[in-house]
Amino acid sequence: MTHLLVAGKLHPAGVTRLKTLQTQGTRVTYIEEISEPSYTDLISDADALVIRTQPLSANTIAKAKRLKVVSRHGVGYDAVDVDALNARGIALAIVGDVNSVSVAEHAMMQLLAGAKQAIRADRAVRDPEQWGWRNQLEQREISGQNLLIIGYGRAGQKLAGMAAGFDMTIRAYDPYLQSKGWPEGDIQPISNLADGLAWADCLSLHVPRGDKPLLAAEEFAQMKPGMIIANTARGGIVCEVALRDALNKGHIHAAGLDVFETEPPSANMALSACDNALLSPHIAGLTEEASERMALASIDNALNYLDQTVDPGLIVNRNALS
């Protein structure tokens, strides 16, 4: 009997799918808690593991005597020890294009809220003494402005379609896609990041985290005064201290961040006192609709791998396919 271990709370549609699998003969262990210790002692006889955002370490993988596939409830896998999986020939699957619309909408919201200074506007209504803020004309339009999308994958391309509806002029920076083959469409690539930063009025980040921040004090200095920044990608891509300083000086008009260097961030995190920074708790891809799609896709990927019908494009470590 196949044993499917699910670690982390799923959308109700996913729970219903698990119950159906049980009636069809699959052994299912479902744990709602999102932590590594909650499932470590249960992994020894699991054939497949569905995991949320909690870590999967080499020590836990070593206890998984029968494990053949790990299916991430999402597209990132920073907390998974891929090397340890590779050493055992265990596949790692991701859900693919199930939340790009949600992420793109969140980035669009960040750009709009930043342009309109939504936090300050809200405060001006709640505090009668702040009503006069409206006459400072800090609120701006994004229509007709230049938008630089850094990372032109699924979410970046969806955002480009939305931004086009606001008559924005859009360019994208993605060296990987430029070398591999640029997507069809009207959006032109920018080869040099510094040139893109100097050209843009707004930018949105959709790239993985690197060894150091992609945007720090040096990069902020290359931007036009009044830049609006959206980050729905990963914490650490933007240096939070440098961003705070640029926001406080007014060089950056506003920023929206859904991801942080440390999550959850501390109460004295650099950006917590900036009322021109819109902060959200890593929820860009966690809409009702996307959560349902992720739950079902993560279960399907695990089982499809076991019966050899999985989409190869969803396997991170392709060597496990053999």
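Treat the numbers as computed from the prediction; the structure is a model and nothing was measured.

Each value, and the rule that gives it
- Within any chain, residue numbers begin from 1 and follow the written order of that chain's sequence.
- Local features in a predicted model are, by the rule used here, given only for residues with pLDDT of at least 70; side-chain atom pairs are given and counted only at 80 or more, and totals for whole chains, interfaces and linings are based on all residues.
- The side-chain numbers reported here are obtained from all heavy atoms of the structure, hydrogens and water having been left aside.
- Per the convention used, a helix needs a DSSP run of H or I reaching at least four residues, while a strand needs a run of E reaching at least two, with both numbered from the N terminus.
- Each radius of gyration reported is based on C-alpha atoms, and the globular scaling rule is 2.2 Å times the count of residues to the power 0.38.
- When accessible area is computed with a 1.4 Å probe and restricted to protein chains, residues below 20% of their type maximum are described as buried, those above 50% as exposed, and intermediate ones as partly exposed.
- By definition in these notes, contact holds between two residues if any of their heavy atoms fall within 4.5 Å.
- Using the Shrake-Rupley algorithm and a 1.4 Å probe, accessible areas are obtained, with residue cover drawn only from the displayed protein chains.
- The rule for pairing is simple: two strands pair if DSSP sees at least two bridges between them.
- Between the N-to-C directions of two axes lies an angle of 0 to 180 degrees, each axis being a line fitted to C-alpha atoms and, for a helix, fitted only over the stretch in contact.
- Polar contacts here mean pairs of N or O atoms no more than 3.5 Å apart (in protein, one a potential hydrogen donor and the other a potential acceptor; neighbouring residues in sequence count only if both atoms are side-chain atoms).
- For this analysis, a salt bridge means a side-chain nitrogen from Lys or Arg found within 4 Å of a carboxyl oxygen belonging to Asp or Glu.
- Throughout, disulfides are identified as pairs of cysteine sulfur atoms within 2.5 Å of each other.
- One fewer than the residue count of a helix, multiplied by 1.5 Å, yields its expected span.
- The residues that make up patches have over 30% relative accessible area and no salt bridge, and they are joined within 9 Å when like-charged or within 5 Å when they are Val, Leu, Ile, Met, Phe, Trp or Tyr.
- Counting rule for charge: Lys and Arg are taken as positive, Asp and Glu as negative, and neither His nor the chain ends is counted.
- In plain terms, the charge of a residue is placed at NZ if it is Lys, CZ if Arg, CG if Asp and CD if Glu.
- Only rings of Phe, Tyr and Trp enter the pairing, Trp through its six-membered ring, and a pair is recorded when the two centres are within 6.5 Å. The plane angle decides the type: under 30 degrees is stacked, over 60 is edge-to-face, the rest tilted.
- The reported arc concerns the directions from the helix axis to the C-beta atoms and nothing else.

1. Concerning the overall build of the protein chain
- Tallying secondary structure elements over the protein chain gives twelve helices and twelve strands in all.
- Relative to the 2.2 N^0.38 estimate, which gives 20 Å for 322 residues, the radius of gyration of the protein chain is 22 Å and therefore close to what a compact globule would have.
- Projected onto its principal axes, the C-alpha positions of the protein chain cover 70 × 45 × 35 Å.
- A buried classification covers 50% of the 322 residues belonging to the protein chain.
- Intrachain contacts of the protein chain at a sequence separation of at least 6 include 61% that bridge at least 24 residues.
- Carbon together with sulfur atoms contributes 50% to the accessible area of the protein chain, which is approximately 15300 Å² in total.

2. Observations regarding the sheet that holds strand 4 (residues 69-72)
- Strand order in the open sheet made by the five strands is 2-1-3-4-5, with parallel pairing throughout. Each edge of the sheet is formed by a strand with only one pairing partner; in this case those strands are strand 2 (27-31) and strand 5 (91-93). Across this sheet, the average inter-strand angle for adjacent strands is 15°, counted without regard to direction.
- Its contacts with the sheet put helix 1 (residues 12-23) on strand 1 (3-7) and strand 2, and the angle it makes with strand 2 is roughly 150°.

3. A short note on the side chain of glutamate 138
- With respect to the secondary-structure elements, glutamate 138 resides in the loop between helix 6 (118-126) and strand 6 (146-150).
- For glutamate 138, the side chain forms a polar contact with the side chain of tryptophan 133, separated by 3.2 Å.
- Look past the residues within four positions of glutamate 138 in its chain and what remains in contact with it is Ala115, Gln117, Arg120, Trp133 and His253.

4. So, the pattern of salt bridges
- Applying the stated criterion across every chain yields a total of twelve salt bridges.
- For aspartate 122, the salt bridge identified is with arginine 126, shortest N-O distance 2.5 Å. In this pair, aspartate 122 and arginine 126 are both assigned in helix 6, four residues apart and thus about one turn of the helix distant.
- One salt-bridge network, held together by shared partners, links Arg120, Arg123, Glu138 and Asp275.

5. Points about the state of the cysteines
- According to the stated counting rule, one finds zero disulfides in the structure shown.
- Here cysteine 274 is not disulfide-linked; the sulfur of cysteine 239 is the nearest cysteine sulfur, at 12 Å.
- Taking the relative accessible area as the measure of exposure, cysteine 274 reaches 5% and is therefore buried.

6. A closer look at the environment of proline 55
- As for its position among the elements, proline 55 is in the loop between strand 3 (48-51) and helix 3 (58-62).
- Residue class for proline 55 comes out partly exposed when judged on its relative accessible area of 38%.

7. Some points on helix 5 (residues 100-115)
- In this model helix 5 runs 23 Å from its N-terminal to its C-terminal C-alpha over 16 residues, within 8% of the 22 Å that 1.5 Å per residue would give.
- The buried fraction of helix 5 is high, at twelve of 16 residues.
- Listing the buried residues of helix 5 in full gives Ser100, Ser102, Val103, Ala104, His106, Ala107, Met108, Gln110, Leu111, Ala113, Gly114 and Ala115.

8. Considerations on a negative patch on the surface
- On the surface, Glu105, Glu288, Glu289 and Glu292 cluster together into a patch of negative charge.
- The biggest single contributor to the negative patch is helix 12 (residues 288-306), with three residues.
- If you trace the backbone, glutamate 289 turns up in helix 12.
- Since its relative accessible area comes to 49%, glutamate 289 is described here as partly exposed.

9. Details of the packing of aromatic side chains
- Scanning the entire structure with this criterion turns up one aromatic pair.
- Where tyrosine 152 meets tryptophan 182, the ring centres are 5.4 Å apart and the plane angle is 15°; that geometry is what we call stacked. Of this pair, tyrosine 152 sits in the loop between strand 6 and helix 7 (154-164) while tryptophan 182 sits in the loop between helix 8 (175-180) and strand 8 (188-189); the two residues are 30 residues apart in sequence, bridging distant segments of the chain.
- Exposure remark for tryptophan 182: the relative accessible area of 22% places this residue in the partly exposed category.

10. Observations concerning the sheet that holds strand 10 (residues 227-231)
- Across the sheet, which stays open at both edges, the seven strands sit in the order 8-7-6-9-10-11-12 with parallel pairing between neighbours. Only two strands of the sheet have a single neighbouring strand rather than two, namely strand 8 and strand 12 (277-279).
- Two strands pair when backbone bridges link them, and strand 6 and strand 9 (residues 202-205) are joined in this way by four bridges, in the parallel orientation. By the bridge assignment, leucine 148 is partnered in strand 9 with leucine 203.
- Packed on one face of the sheet, helix 5 meets strand 6, strand 9, strand 10, strand 11 (252-257) and strand 12 and runs near 150° to strand 10.

11. Details of helix 1
- Over its twelve residues, helix 1 runs 17 Å from end to end, which matches the ideal 16 Å to within 8%, given 1.5 Å per residue.
- What helix 1 keeps buried is the set Ala13, Gly14, Leu18 and Leu21. Axial view of helix 1: buried residues confined to an arc of 145°, hence all on one face. More than 90 degrees from the buried face of helix 1, the exposed residues found are Pro12, Lys19 and Thr23.
- For helix 1, the secondary structure elements touched by its buried residues are strand 1, strand 2 and helix 12.

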